[in-house]
Amino acid sequence: MSCTSVPLNPKLRRKMVVGLGNPGMGSTRHSVGMAVLGALAGRLGVAEHWRVDRQVLGELVLSEQEGVQLLLLKPHLLMNINGASVAKAAEKFKIMPEDIYLIHDELDKPLGKFAMKQGGSARGHNGVRSCMDCLKTDVMPRMRIGIGRPAGKVSVERHVLGRFSREEQELVRAVLEQSAELLLQHITASSSEGTLPQGGRVTAKT
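Definitions and cut-offs
Residues numbered from 1 in each chain as written. Predicted model: local features only at pLDDT ≥ 70, side-chain atom pairs only at ≥ 80, totals over all residues. Heavy atoms only, no water. UniProt positions renumbered as here; feature names shortened; annotations may be inferred. Helix = DSSP H or I, 4+ residues; strand = E, 2+ residues; numbered from the N terminus. Buried < 20%, exposed > 50% of the residue type's maximum accessible area, 1.4 Å probe, protein only. Areas by Shrake-Rupley, 256 points an atom, 1.4 Å probe, with all protein chains shown as cover. Lys, Arg positive; Asp, Glu negative; His and termini not counted. Charge placed at Lys NZ, Arg CZ, Asp CG, Glu CD. Axes fitted to C-alpha atoms, helices over the stretch in contact; angles between N-to-C directions. Parallel < 35°, antiparallel > 145°, perpendicular 65-115°, else oblique. Left-handed = near helix turned anticlockwise from the far one by under 90°. Contact = heavy atoms within 4.5 Å. Nonpolar A, V, L, I, M, F, W, Y, C, P; charged D, E, K, R; others polar. Pairing = 2+ DSSP bridges. Core = buried A, V, L, I, M, F, W, Y, C linked by side-chain atoms within 4.5 Å.

The protein appears in an unreviewed UniProt entry as peptidyl-tRNA hydrolase from Acipenser oxyrinchus oxyrinchus. The UniProt entry for the protein carries the following text under Sequence similarities (unreviewed entry): "Belongs to the PTH family."

What follows is the structure in structure tokens.
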């Protein structure tokens, strides 16, 4: 069974978007990258076409937007080693590291804030570090989704592996929608890339 919703087109530039997270823990803060990827798949109309690809150790779906073929990837490996899945997919589908977009959670941004980052340091994120190690470069652009730091005596591990509260969920839904739209703008942009917004913020309703 094919893993794609449209045939591969060798004449089009191919890019990949990866939602970083832990398989089976898609509703936790640490896996919010997977949630954004799901929102992007819905935005592209391919949310019902995910297919497991055992070669790349993950789920894939392919979409075509404005002359670009987008490969969406949900690794089936744990966060700390999911770079292996990303590297396998990049090799199989011949995608350069600079065309691989990583979506991940960001402790140093408050919940509701999201931003693009053009490569560079992993900033302590083990999933990004795994991708850098496996691809042997740090040029991959990233969409960083703020989850904020834990309050009080709550440990970072407990915070990131916890679920969003009922009060946070409405805010998170808006973040998923808006960050997916911003990411798509950057992916499909060409010469106008420098004029694109680099981030956004959603505030809770009072």
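And the narrative resumes.
Draft legend 1. How the structure looks around the overall build of the protein. Across its full length, the protein carries five helices and eight strands. Order of helices (α) and strands (β) in the protein, N terminus to C terminus: β-α-β-β-β-α-β-β-α-β-α-α-β. Based on the C-alpha atoms only, the size of the protein along its principal axes is roughly 50 × 35 × 35 Å. A total of 206 residues make up the protein; the buried ones form 50% of that total. Surface exposure of the protein reaches about 10200 Å², of which carbon and sulfur atoms provide 50%. In the protein, 28 side chains carry a positive charge and 20 a negative one; their mean positions are 2 Å apart.

Draft legend 2. Up close: the packing of helix α2 (residues 83-93) against helix α3 (residues 126-135). Interaxial distance between α2 and α3 falls to 7 Å at its minimum, and their mutual angle equals 45°. The orientation of α2 with respect to α3, classified from their angle, is oblique. For the pair α2 and α3, the sense of crossing is right-handed. Residue-level contacts link Gly83, Ala84, Val86, Ala87 and Ala90 of α2 to Ser130, Cys131, Cys134 and Leu135 of α3. For the contact of α2 with α3, the class distribution of residues is seven nonpolar, two polar and no charged.

Draft legend 3. Focus on the sheet that holds strand β7 (residues 141-146). Read across the sheet, eight strands follow the order β2-β3-β4-β1-β5-β7-β6-β8 without closing on themselves; strand pairing throughout is mixed. Across the chains shown, the open sheet's two edge strands, defined by having one partner strand only, are β2 (51-53) and β8 (199-201). Each strand of the sheet is rotated relative to its neighbour by a mean of 25°, with strand direction disregarded. Across three bridges, strand β6 (residues 113-118) lies against β8 in antiparallel orientation. Its bridge partner being in β8, Ala115 is matched across the sheet by Gly199. This element, helix α5 (residues 166-188), spans β1 (13-19), β3 (58-65), β4 (68-75), β5 (100-106), β6, β7 and β8 of the sheet and lies at about 20° to β6.

Draft legend 4. Seen up close, the nonpolar core. Among the nonpolar cores identified, the biggest contains 32 residues, and Val17, Leu40, Leu72, Ile103, Met143, Ile145 and Leu183 are the most heavily contacted of them. Mapped by element, the contributors of at least two residues to this core are α1 (32-44), β4, β5, β6, β7 and α5. Among the elements that take part in this core, α5 stands out by supplying nine residues, more than any other. Beyond its immediate stretch of four places on either side in the chain, Leu40 contacts Val17, Leu72, Ala180, Leu183 and Leu184. Formed by 23 residues, the second largest nonpolar core is a distinct cluster that contains Leu20, Leu60, Val86 and Ala122.

Draft legend 5. Seen up close, α3. Restricting attention to buried positions, one finds in α3 the residues Gly127, Val128, Ser130, Cys131, Met132 and Leu135. Lining the buried residues of α3 we find α2, β5 and β7. Just past α3, the residue Lys136 takes up positive phi, approximately 60°.

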